[in-house]
Amino acid sequence: MRIKLINPNTTERMTLAMDHCAREVASRGTEIISVSASMGPPSIEGYYDEALASLALLQEIEKGEKEGMDGYVIACFGDPALYAARELSRGPVIGIAEAAMHAASVIAPSFSVVTTLKRTCTMSWHLAERYGMKRFCKNVRATDVAVLDLDIPGSRARSIIIEECRKALAEDDAESIVLGCAGMAEFCHEIEDAIGAPVIEGVTTAVKWAEAMIALKLRTSKRGDYARPLVKQYDGALAPYSPGKP
């Protein structure tokens with residue numbers, strides 16, 4: 001079983017941290033292939049970042065199909081280009097926000113999302129609505145910690161996030177926490193120990209979901225919305241991305 005974990009931003013140290021988390025939970029015999037985007041933003045903190053990061057992400061999906069990958073994890077909480085990626089893939093493609101929210105809804109009657117910048121809160125609400133999770137989501141809370149600050153030595157990022165999680169439990173009456181950034185994956189257990197409530201991060205959750213779907217031999221439907229993109233020639237700088245025959 002080969003699962004490609006795609007970090008849609010270009011920050012390699014973040015990819016390495018997520019790769020470590022993914023390998024810790026992967027089953028014996030599962031190969032995790034983690035990659036960073038070859039071009040685009042170093043962090044994804046808004047709609048513009050997300051749109052431009054999508055090209056490199058989809059490029060990695062196309063490569064993965066030629067490399068014989070069995071499934072994919074999109075390791076960014078915005079789940080950028082998730083549906084487009086499913087058009088390109090034969091196997092399952094799992095977004096980490098989708099995975100984390102669904103897992104939280106199984107183990108608790110409610111959750112709050114604790115994310116990075118305030119400007120991304122509406123994006124998280126949109127995802128909760130898209131996935132049918134809005135009725136479980138008590139709140140989306142920003143810490144105003146920038147994504148690239150998460151792994152700076154000496155940064156107060158972890159303590160700020162832990163405090164915001166505590167506030168979510170007390171003020172939102174949430175019974176679990178969903179971490180709203182892939183960069184938070186490596187200290188999920190630290191946060192859970194500190195607050196005494198379930199904390200779900202999407203990287204490891206998505207890996208296990210992908211494993212289960214692959215083991216069940218479930219593949220992406222190609223009958224309608226997720227059919228391969230129509231073959232056509234794109235113009236200008238996007239010509240190399242022209243969809244061809246599979």
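Let me begin by describing the structure that accompanies this report. (Residues numbered from 1 in each chain as written. Predicted model: local features only at pLDDT ≥ 70, side-chain atom pairs only at ≥ 80, totals over all residues. Heavy atoms only, no water.)

For the rest of this paragraph, the subject is the overall build of the protein. Within the protein one finds eight helices and eight strands. Taken over the C-alpha trace, the protein has a radius of gyration of 18 Å; the compact-globule value for 246 residues is 18 Å, and the two agree within 12%. With respect to the three principal axes, the spread of C-alpha positions in the protein is 55 × 40 × 35 Å. Buried residues in the protein amount to 52% of all 246 residues. Relative to all contacts within the protein whose residues are 6 or more apart in sequence, the contacts with residues 24 or more apart total 69%. Counting every atom, the protein has about 11600 Å² of accessible surface; 53% of that belongs to carbon and sulfur. In the protein, the 28 positive side-chain charges and the 33 negative ones have mean positions that sit 6 Å from each other. (Helix = DSSP H or I, 4+ residues; strand = E, 2+ residues; numbered from the N terminus. Rg over C-alpha atoms; globule rule 2.2 N^0.38 Å. Buried < 20%, exposed > 50% of the residue type's maximum accessible area, 1.4 Å probe, protein only. Contact = heavy atoms within 4.5 Å. Areas by Shrake-Rupley, 256 points an atom, 1.4 Å probe, with all protein chains shown as cover. Lys, Arg positive; Asp, Glu negative; His and termini not counted. Charge placed at Lys NZ, Arg CZ, Asp CG, Glu CD.)

Moving on, we get to the nonpolar core. Counting residues in hydrophobic clusters, the biggest one holds 69 residues, and the most contacted among them are Leu5, Met101, Phe111, Ile161, Leu179 and Ile191. The biggest single contributor to this core is helix α4 (residues 96-107), with six residues. (Core = buried A, V, L, I, M, F, W, Y, C linked by side-chain atoms within 4.5 Å.)

Before going further, it helps to examine the environment of Tyr226. When you line up the elements, Tyr226 lands in the segment after α8 (202-215). Take Tyr226: its relative accessible area is 24%, and that puts it in the partly exposed class. Along the primary structure Tyr226 and Ala85 are separated by 141 residues, whereas in three dimensions their C-alpha atoms are 8.7 Å apart. Here Arg86 takes part through its side chain, which lies 3.3 Å from a polar atom of the side chain of Tyr226. (Polar contact = N/O pair within 3.5 Å; in protein donor to acceptor, adjacent residues only side chain to side chain.)

What follows deals with the sheet that holds strand β2 (residues 31-36). Ordered by their spatial adjacency, four strands build an open sheet running β2-β1-β3-β4, and the pairing between neighbours is parallel. This sheet does not close on itself; its edge strands, each paired only once, are β2 and β4 (93-95). Sheet twist, expressed as the mean angle between neighbouring strand axes with direction ignored, is 20°. Where strand β3 (residues 71-74) meets β4, three bridges bridge the pair, whose relative direction is parallel. The residue of β4 that forms the bridge with Ile74 is Gly95. Relative to strand β1 (residues 2-7), helix α2 (residues 47-67) is tilted by about 165°, and along the sheet it contacts β1, β2 and β3. (Pairing = 2+ DSSP bridges. Axes fitted to C-alpha atoms, helices over the stretch in contact; angles between N-to-C directions.)

A few words on the pairing of β1. For β1, the buried fraction is high: five of the six residues fall into the buried class. Once the chain exits β1 it traverses helix α1 (residues 12-25) before rejoining the sheet at β2, and the crossover so formed is right-handed. Relative to β3, β1 runs parallel, the two being bridged by four bridges. Paired with Ile6 across the bridge in β3 is Ile74. (Right-handed = clockwise from strand over helix to strand, strands pointing away.)

Moving on: the side chain of Glu98. Inspection of the secondary structure puts Glu98 in helix α4. Residue Glu98 is classed as buried on the basis of its relative accessible area of 11%. A polar contact is formed between the side chain of Glu98 and the side chain of Arg86, at a distance of 2.8 Å. Excluding anything up to four places from it in sequence, Glu98 contacts Asp79, Leu82, Arg86, Tyr131 and Trp209.

Right, let's get into the sheet that holds strand β7 (residues 177-179). Here four strands make up an open sheet; going across it, the order is β6-β5-β7-β8 and the pairing parallel. Of all the strands in the sheet, just β6 (137-142) and β8 (199-200) have a single pairing partner and so form its edges. With three bridges connecting them, strand β5 (residues 111-115) and β7 associate as parallel partners. By the bridge assignment, Val113 is partnered in β7 with Val178. Sitting on the sheet, helix α5 (residues 121-130) is in contact with β5 and β6, with an inclination near 155° to β6.

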